[in-house]
Each structure stands twice: as structure tokens, then as C-alpha cells.
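Given next are the chains, with one letter for each unit.
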Amino acid sequence: MSSPNPKVERVPSLLTLQQELTKQLDYNELMNCMRCGFCQPSCPTYQETGIEAASPRGRIALMKAVADGVMEPDESFRQQINLCLGCRACEPVCPSDVKYGQLLEQTKSVLFEQQLRSAKKNEQNEAADGSGYKSESNRPPNMKRLHKLVKPAFKSHNRMLSLSVLLEKYQRSGLQRYAAKKKLLRFLPDHFQTLERILPQADSQGVAKRVNASFLPAKGERIGTVGMFRGCIMDVLFTETNVNTVNLLRESGYDVVIPEAQGCCGALFSHSGDLETAREFAKKNIQAFAEAKVDYIASNAGGCGAMLIEYDYLLKDDAEWWAQAEHFSEQIKDISELLLRSERWKSIESIDEGLADQEHTSQSRANHAPQDTITYQDSCHLRNVMKAGRGPRQLLRLLPDLNYVELEGAEGCCGSAGIYNLLQPKMANDILDHKMGKVNETGASIILTSNPGCLLQMKIGVEREQAQDRLKVMHVVDYFAEKVMK
Ligand code: SF4
Ligand code: SF4
């Protein structure tokens, strides 16, 4: 029977939610956890709170308690699940090889389908959960509604590029400066205001238009064909990085294909439990790259790459797509891995053709001094899921005269985690402030990283430190390209 008032959302019963979690959670995987606690020191939310329930072991115990029927999946349960960054730093350190990411995904998928919506219950449980993250503004929004709103843009890359014209115009027309001067955005939460300030200049052309082709032949001896995964945020806010990626791949000896039909990787949807949309996007990408007949698929964004490399798991129950998904997953490589396969960079020399005439090269080269001290912040997903955390460091090591200082705790999340920093701003900022303290200890003038979310989060960190005049944030690809394009 339908609700008499359509505006009143019906709260699914805790019993139904519990039954669904019991059905969806992999009980064997839950039982794999031997409660040793080796994962605790690697967990950023445990480090920040010291609360067992905010740790990997604690969250697994909560999931098991719900699956065993000894605990209700109430609001405090959901809060601890949502407070998890999904950084998966707990996985590589686990002696039992517990697939925490899969358990988290199973839980989020059920919560997504059956969101608890009682504001009264929220308040009661917030007071009781002891997480320390109680304010109304910290409560995650209704993800189903959010997804409905943003899905059309992520579904079509052309639509995404068209929408980015608005941002481009806002940034370039002087409207952004006017808005800042008149404080027109003061009604937004602080973290949205900060994000608006640090957003890079949008480019509505995207990489395919910038390089004016969807196929670009290798330079020199050919070593393979690479399909370029351009991403959504990467292609709009970090277009230059995508252009540099294409140029470096060609210079390394790869033919580069940019399949037009590719789309969003689906990470934004998958991480919040919307697996149906994630699977829809996965099939679109698998099809697009299969038709392109490539040897490898290059990702320059750790978050996207981690999503793409797990399409085989995402489609494991789909008899029609699984084999293709498995092949697709095997093809996914981080850009650093692909560049390191090439002999081209074993002895770095100047590149005087094709790359050196890029307008941005001289601009960005002029942007900082030659004696920069560099540090590197890991992309969690590149390190913990793609298992390619060494790649960017090995690539940097190829550069002569590099003044590199390892960042203590670089393997720990920066607090970005997709849109976590917008949904859980207090925790994200606490993590970020500790991270910036460690960055300052390195004396670095440039922070490198390998993922758009990390780039934006570290830029927020620089802004929070008011360190814009002494600290830059760059993608590893851009830094490497800048150095080899002399
Ligand atoms: S390290 Fe693994 S087995 Fe040990 S408590 Fe953490 S998840 Fe469980
Ligand atoms: S995914 Fe990250 S935040 Fe979540 S439990 Fe594991 S280490 Fe902690």
C-alpha cells in the first residue's frame, strides 16, 4: 500500500535491514577475521578516534554482530560504516587476508537500498554512539537522491564536458572573483567554500579535443597499444595531466587510443553502495575498450584505476560479462607501470619534438624553482587495491638530481576518499591537518600525488595552512613530464 503522504518517506524496518545484511554479507569472510588487531594502526579513523568501533576490526565485529542477529543495524552502526574512508589500508597488513573492501561494499549496498531516515532516531543514536561526530552538518546526505541528481552527468562524458562549460565560464569570466569579493557563497558550508576556492581551472574540451585525435601513434620503437582511460574529474579539472599522459605514453613507444564510448568508472556510485549503476558503467567501459583492441588500459587516477581493476569482482555473478570483465581487469595498469616498461626513460634526455611545444610546459616550468624539494603522498587505492604504490616512486627515481624526501605516513589516507571530505568534513580535516604536519616536516615545496581526489585534498591542506606561496601540489605525471620535456 502506498504512503498516504508521498512526502513522508517510509523507514524500512530494522528487521528487514538486518535480514538483508545477513543475506548479503559474506559470513566466511567475516569469520576470517581472527581479531588480532594488526590492522588497527593502519586505520586513519581509528588513529583519530581511538574507538574500537571506528577501526577495521571493530567494523567487522559490528557487521558480524548484525549478521548473527545480536545487534540491530541502527543509526550508530550506519555512522561507523559511513565514517570508514574505504581507503583499504587495513587489507595489505591483514595476516588473514580479510577482504575488508568487499565486506564494506556488501554493507553499503544494503544500506544504500534501505536507508534509515528517521531524524528523531538519528539524534537519539548520535548521542549514544560516542563517535564524536555528532553535528547535523556531518550527517551524510541521502545518497539515493544525490545519485539521481548526478547520474546523468556521469553517464555521458559529453554531458559532463558540456556542464563543465558553466564552471569554466564562472572561473574565467571574473564571476568567481566577484563572488569571492562580495562573499556571495558564504551560505555554503565551509568545506564547500574551500573546495570552490582551490578547484583548478576547468577545461570543457577534454583530452580528446586537446590532442585532436582518438588515435595517436607511438614515437620511436612501438611496444604496444594503450587505451587511455580519461576519467570524469580528471578530464575536466586535470585535462593537462591527461594530455601529458598521452604524450608520455607515445614517447614511451605506445600507440594511444582514446575510446570515445568510454564513461565514468563508477567509483562514486560503487563506494556508496549503488552497485547497479556501477555495473551499468562497467559494462559500457568493457565494451568500449574491447572494441578499441588495446593491449593495456592506462589509468592516471588511483581511485578510478582501483575501480576498473575490480570490474571482475563487480561482475562476478554475471555469466554474460564476467569473462570480459576479467580480461579488462587484467589490462588495467597505472601510468607509472606503463612508463617504467619502456626503455625510453632509462636514460632521460630532452624531448625536443611534439612535447616541448606545449604551451603549458614553459608556463609550468616557470612556476617553480629548479631546486625544489619533492615529497609524495600515496593514493590509497593505487597502493592498497592496484598494488602499484611503488610505481610513482620508481618513476621519480629515474629523474636525475631529484631532491626527494619521503613523507612519513605517506601510505595513510589524506582524508579525500572520493567525496568523503564533503560528507565527513570533520574527520577528513582532522586527518588532513595531521598529514600537513608531516608534509611540513619534509621541508618540501612540491607535494606529488596520483589521484584527483588526493590532489584536491592536498590543495585544501595547503590552503588550510595558508602555505600557497611555499607549497605546490602536482600530479606525478605532470612533474615527470615537466622534467623530461626540457
Ligand atoms: S588484521 Fe585482519 S584478522 Fe586481524 S583484526 Fe584486522 S581484519 Fe581481523
Ligand atoms: S578502509 Fe581505511 S578507514 Fe576503513 S577500516 Fe580500513 S583502514 Fe580504516
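Quantities reported herein were computed from a predicted structural model and do not represent experimental measurements.

Calculation rules
- Residues numbered from 1 in each chain as written.
- Chains lettered and ligands numbered in written order.
- Predicted model: local features only at pLDDT ≥ 70, side-chain atom pairs only at ≥ 80, totals over all residues.
- Heavy atoms only, no water.
- Core = buried A, V, L, I, M, F, W, Y, C linked by side-chain atoms within 4.5 Å.
- Buried < 20%, exposed > 50% of the residue type's maximum accessible area, 1.4 Å probe, protein only.
- Helix = DSSP H or I, 4+ residues; strand = E, 2+ residues; numbered from the N terminus.
- Domains from an automatic or database assignment.
- Expected span 1.5 Å × (residues − 1).
- Near = heavy atom within 4 Å.
- Nonpolar A, V, L, I, M, F, W, Y, C, P; charged D, E, K, R; others polar.
- Pairing = 2+ DSSP bridges.
- Axes fitted to C-alpha atoms, helices over the stretch in contact; angles between N-to-C directions.
- Patch = residues over 30% accessible without salt bridge, like charges linked within 9 Å, V, L, I, M, F, W, Y side chains within 5 Å.
- Areas by Shrake-Rupley, 256 points an atom, 1.4 Å probe, with all protein chains shown as cover.
- Salt bridge = Lys/Arg side-chain N within 4 Å of Asp/Glu carboxyl O.

**Some words on the nonpolar core**
- L249, Y311 and L448 are the most contacted members of the largest nonpolar core, which totals 91 residues.
- When residues of this core are assigned to their parent elements, the largest contribution, seven residues, is made by helix α16 (residues 275-292).
- Both of domain 2 (150-198) and domain 3 (366-485) provide at least three residues apiece to this core.
- Core analysis: the second largest hydrophobic core is formed by 22 residues, C39, M63, A67 and V98 among them.

**Here we look at helix α6 (residues 100-113)**
- A rise of 1.5 Å per residue sets the reference length of α6, with its 14 residues, at 20 Å; its end C-alpha atoms lie 20 Å apart and thus fit the reference within 8%.
- Burial within α6 is extensive, with 13 of its 14 residues counted as buried.

**So, the site of ligand 2**
- Taken together, 13 residues are adjacent to ligand 2, and C43, C84, C87, R88 and C90 come closest.
- Looking at the shell around ligand 2, the elements that each hand over two or more residues are α3 (44-49) and α4 (56-67).
- Residue classes in the shell around ligand 2 are distributed as nine nonpolar, two polar and two charged.

**Digging into the sheet that holds strand β6 (residues 374-376)**
- On the basis of which strands lie adjacent, the open sheet formed by three strands has the order β6-β7-β8 and parallel pairing. On the outer flanks of this sheet lie β6 and β8 (472-475), each paired with one strand and no other. The sheet shows a mean angle of 30 degrees between the axes of neighbouring strands, taken without regard to direction.
- Sheet topology note: the strand β7 (residues 446-449)/β8 ladder contains four bridges and is parallel. Bridged to T449 within β8 is H475.

**Concerning the site of ligand 1**
- Taken together, C33, M34, R35, C36, G37, F38, C39, R57, I60, C94, P95 and S96 make up all the residues around ligand 1.
- Split into classes, the residues belonging to the shell around ligand 1 amount to eight nonpolar, two polar and two charged.

**Here we look at a nonpolar patch on the surface**
- On the surface, a nonpolar cluster with roughly 300 Å² of combined accessible area is contributed by L175, Y178 and L184.
- With respect to the helices, strands and loops of the structure, L175 is situated in helix α10 (residues 175-181).
- Taking relative accessible area as the criterion, L175 reaches 46% and is therefore assigned partly exposed.

What is shown is where atoms sit, not what they do.
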